[in-house]
Amino acid sequence: PRSDSLVGSLLTQLTPVRTYHDVNQVGERFQNAVKLAALPVLHENDTIAGMVWRDEFMTLYASRYGRDLHGRKPIHLFMDNRPIIAETTLQLKSLSQQITSQEPSHQHSVFIISEQGFYRGVGSLMDLLRQITDLQLTIARHANPLSGLPGNVPLNEHIQQSIREKRHATVCYFDLDNFKPYNDTYGYNKGDKVITKTAKILSQFIDHENDFLGHVGGDDFIVIFDSHDWRNRCEMMLEAFALLYSELYSDTHLQQGGIQAYDRHGQQVFYPLLSLSIGAVTISDFDYLIDETDLAEHATKAKSKAKKMPGNSLYQLNLSDCQPLAEAG
């Protein structure tokens, strides 16, 4: 996932207090920083104990006998021991769901950010909302109107980041074989149905926390898989696509195993049933890739190899397929 779609992008440094600090020390922190909404409380080993909320704390501290009664007591007696804690690698949308599922009385404007269980800083609810809105606007602005999926701009940004970070991601280029003759025979409404159903199948089998699905245009899709089981997911997509045939074709065409249609030269040609070809490129297999243009060349080559295989097919590009491309790079 893009770094700006993860909780780590919201990180703000804030010096915490410790469980053994007393109420008076915490009171001084709040009095010296009037905009401070909360203070995280840590154990001695930097793991998170809880959170002190300004409003609740100051109600107690500023009461008539608050300081006299509680000033020397340790702050852990007055903290919220169940604040929202989000890991830096958590998706923003997951954090948003976590916050909105809370009781309204437990919702606060600040949450704690951790890394592998240790305190890193805090994040603000307003920053979270702003970031999610910006991401949604970017995706909507560049979305494909038919499928509603992200288009070329968000796709290229994700690919650039994967190459830059040298991630062990696999980019899969999906293409429908024999789509034009199907469109010519059955009409554009049925053709659009094929596109939307294909998009739905791809969306069904990706891991929405880790993978990114985009619609390049026409009958071409790309998935950037960070899932390690990407090959298994692709196989399930191909199986699900094959189950569509009874919805898409007449009985006659199903029995024939395809359709008769005219090619671009006006000659009648027999075209087999629609099939899905997947060309796969694992970025870490090609350490000379520089940008999304390089990767597009390799993905196109992988897709061409897959299209030469009969029926629904998957081909993973390897280094020996690409010597001329590698030398050009």
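Residues numbered from 1 in each chain as written. Predicted model: local features only at pLDDT ≥ 70, side-chain atom pairs only at ≥ 80, totals over all residues. Heavy atoms only, no water.

## Some remarks on the pattern of salt bridges
Let me state the cut-off plainly: When a carboxyl oxygen of Asp or Glu lies within 4 Å of a side-chain nitrogen of Lys or Arg, that pair is called a salt bridge. Here a helix means four or more residues in a row that DSSP labels H or I, a strand means two or more in a row labelled E, and each is numbered from the N terminus. With a 1.4 Å probe rolled over the protein chains alone, any residue whose accessible area is under 20% of its type maximum counts as buried; one over 50% counts as exposed, and the rest are partly exposed.
One pass over the full model with this rule turns up twelve salt bridges. Across the pair Lys 307 and Asp 175 runs a salt bridge whose closest N-O atoms are separated by 2.6 Å. Taken together, the positions of Lys 307 in helix H12 (residues 292-307) and Asp 175 in strand E7 (residues 170-177) put the pair 132 residues apart, joining distant regions of the chain. A residue is classified by how much of its surface remains accessible, and Lys 307, at 34% relative accessible area, is partly exposed. A relative accessible area of 6% means that Asp 175 is categorised as buried. Each of Asp 175, Asp 177, Lys 303 and Lys 307 takes part in one network of salt bridges that share partners.

## Some remarks on the packing of aromatic side chains
As a reminder, the rule being used: Pairing of aromatic side chains here covers Phe, Tyr and the six-membered ring of Trp, requires ring centres within 6.5 Å, and sorts the geometry by plane angle: under 30 degrees stacked, over 60 edge-to-face, intermediate tilted. Look at NZ for Lys and CZ for Arg. If either is within 6 Å of the ring centre and within 35 degrees of the ring normal, a charge sits over the ring.
Scanning the model with the defined rule gives eight aromatic pairs in all. Judged by centre distance (5.5 Å) and plane angle (40°), the ring pair of Phe 30 and Phe 57 falls under tilted. One end of the pair, Phe 30, is in helix H1 (residues 23-32); the other, Phe 57, is in helix H2 (residues 54-61), and 27 residues separate them in sequence. You'll find Phe 30 and Phe 57 in the same group, each marked buried. Both rings, one in Phe 57 and one in Tyr 61, keep their centres 5.3 Å apart while their planes meet at 20°; by these two values the pair is stacked. Of the two residues, Phe 57 and Tyr 61 are both situated in helix H2; the distance of four residues between them amounts to about one turn of the helix. Judged by its relative accessible area of 4%, Phe 57 falls in the buried class. When its relative accessible area of 5% is taken as the criterion, Tyr 61 is described as buried. Cation over ring: Lys 303 sits above Tyr 173, and NZ or CZ is 4.5 Å from the ring centre.

## Considerations on the sheet that holds strand E2 (residues 38-42)
Neighbouring strands of a sheet are bound in pairs by backbone hydrogen bonds; such pairs are parallel or else antiparallel. For the record, the criterion: Strand pairing requires that DSSP identify at least two bridges connecting the strands.
Across the sheet, which stays open at both edges, the three strands sit in the order E1-E2-E3 with mixed pairing between neighbours. The open sheet has two edge strands with one neighbour each: strand E1 (17-18) and strand E3 (48-53). Two strands pair when backbone bridges link them, and E2 and E3 are joined in this way by five bridges, in the antiparallel orientation. Bridging from a neighbouring strand, Leu 42 pairs with Ile 48 of E3.

## Remarks on helix H9 (residues 230-242)
The following threshold applies: Expected span of a helix: the number of residues minus one, times 1.5 Å. Each direction from the helix axis to a C-beta atom contributes to the arc, which is the arc of those directions. The contact criterion used is simple: two residues touch if any of their non-hydrogen atoms lie within 4.5 Å.
If you check H9, its first and last C-alpha atoms are 19 Å apart, about what 13 residues at 1.5 Å a residue would give, namely 18 Å. Along H9, the residues classified as buried are Trp 230, Arg 233, Cys 234, Met 237, Leu 238, Ala 240 and Phe 241. Considered in projection along H9, the buried side chains sweep an arc of 165° and stay on one side of the axis. Taken together, the buried residues of H9 touch E7, helix H8 (188-205), strand E9 (220-225), helix H10 (245-248), strand E12 (275-282) and strand E13 (313-316).

## As for unusual backbone geometry
Unlike most non-glycine residues, Asp 46 shows phi in positive territory, near 75°. When you line up the elements, Asp 46 lands in the loop between E2 and E3. When its relative accessible area of 32% is taken as the criterion, Asp 46 is described as partly exposed. Even without being glycine, Lys 166 reaches a positive phi, approximately 50°. Mapped onto the elements of the fold, Lys 166 is located in the loop between helix H6 (152-164) and E7. Exposure remark for Lys 166: the relative accessible area of 65% places this residue in the exposed category.

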